[in-house]
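The residues making up each chain are set out below.
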Amino acid sequence: MSYLRRGIDRGVFTPQRRDRARLLASYGIPEDRFVVMFVGRIDDAKNVMTVAEAAKALIAAGWPVHLLIAGTGSRAPDVRGLLGEDVTLCGQVEPDTLGWLYASSDVFAFPSEFEIMPNVVNEARACGLPALVSQSIGGADLIDASGEDGLRLPGRDVAAWAEAIQHLMRDRSRWTALAEAGLRRVAALAPGWD
């Protein structure tokens, strides 16, 4: 008897699936937008309004941010009402679609405070996305405390989330360093299906 670790299908979750032209054609997201992705239930348990309000603050300050959400939930109308055309609500999507959505985004934001070991964090990093997670969940255990391979943020601090996203938009070298370190960490800790 042994433990079966959570794995990542490396054929589905890979940076090679990045396709911004497809994101434009399928969802109308302009290629010049910095796409912030959230995956999960759109409800208060996942703290989705924190990332929505952070996106709103950045947009109000003139930053070209677009929020992309895969999932369903009771707060979807609130997110739509807050962001209007600056959010895409994909609904529930199949893993194959989810893979290219991650890869075609720019950062993964997951402020949920009710998690044990969220697989979505590893899926996003396997697709080359820097991951921002709440510091008070199991997902924080997936991110090194040094901040080398992702960022741990206060779960409900909208200003902290907006600042972290803005920093990655301004500092492409930091974005690249987080993305590459996240890829290496996932490769080392999360086995592929093979």
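Note that this is a predicted model, so its numbers are computed, not measured.

Trainee: Can you lay out the overall build of the protein for me, pointing to particular residues and giving the numbers?
Mentor: For the protein, the count of helices and strands is seven helices and six strands. Each helix (α) and strand (β) of the protein, taken in turn from the N terminus, gives the series α-β-α-β-α-β-α-β-α-β-β-α-α. By residue count, 53% of the 194 residues in the protein fall in the buried class. Taking all contacts inside the protein whose residues are at least 6 apart in sequence as the whole, residues at least 24 apart take part in 65%. Put simply, the protein shows about 8,900 Å² of open surface, and 51% of that area lies on carbon and sulfur atoms.

Trainee: Describe helix 6 (residues 158-170), listing the residues and the values that go with them.
Mentor: With 13 residues, helix 6 extends 18 Å from end C-alpha to end C-alpha; this agrees with the ideal 18 Å at 1.5 Å per step. The set of residues buried in helix 6 consists of Ala160, Trp161, Ala162, Ala164, Ile165, Gln166, Leu168 and Met169.

Trainee: Explain the packing of aromatic side chains to me, using residue names and the numbers behind them.
Mentor: The full count for this structure, using the stated rule, is five aromatic pairs. By way of ring pairs, the aromatic residues Phe13, Phe38, Tyr102, Phe108 and Phe110 are connected into one cluster. The ring of tryptophan 175 has arginine 172 lying over it, and the distance from NZ or CZ to the ring centre is 4.0 Å.

Trainee: Talk me through the packing of helix 6 against helix 7 (residues 172-189); I want residue IDs and the actual numbers.
Mentor: At a minimum axis separation of 5 Å, helix 6 and helix 7 run at an interaxial angle of 105°. As judged from the angle between their axes, helix 6 and helix 7 are roughly perpendicular. The segment helix 6 lies against helix 7, with His167, Leu168 and Arg170 engaging Arg172, Arg174, Trp175 and Leu178. Split by residue class, the contact of helix 6 with helix 7 holds three nonpolar, one polar and three charged.

What counts, and where the lines are drawn
Residues numbered from 1 in each chain as written. Predicted model: local features only at pLDDT ≥ 70, side-chain atom pairs only at ≥ 80, totals over all residues. Heavy atoms only, no water. Helix = DSSP H or I, 4+ residues; strand = E, 2+ residues; numbered from the N terminus. Buried < 20%, exposed > 50% of the residue type's maximum accessible area, 1.4 Å probe, protein only. Contact = heavy atoms within 4.5 Å. Areas by Shrake-Rupley, 256 points an atom, 1.4 Å probe, with all protein chains shown as cover. Expected span 1.5 Å × (residues − 1). Phe/Tyr/Trp six-rings, centres within 6.5 Å; stacked < 30°, edge-to-face > 60°. Lys NZ or Arg CZ within 6 Å of the ring centre and 35° of its normal. Axes fitted to C-alpha atoms, helices over the stretch in contact; angles between N-to-C directions. Parallel < 35°, antiparallel > 145°, perpendicular 65-115°, else oblique. Nonpolar A, V, L, I, M, F, W, Y, C, P; charged D, E, K, R; others polar.

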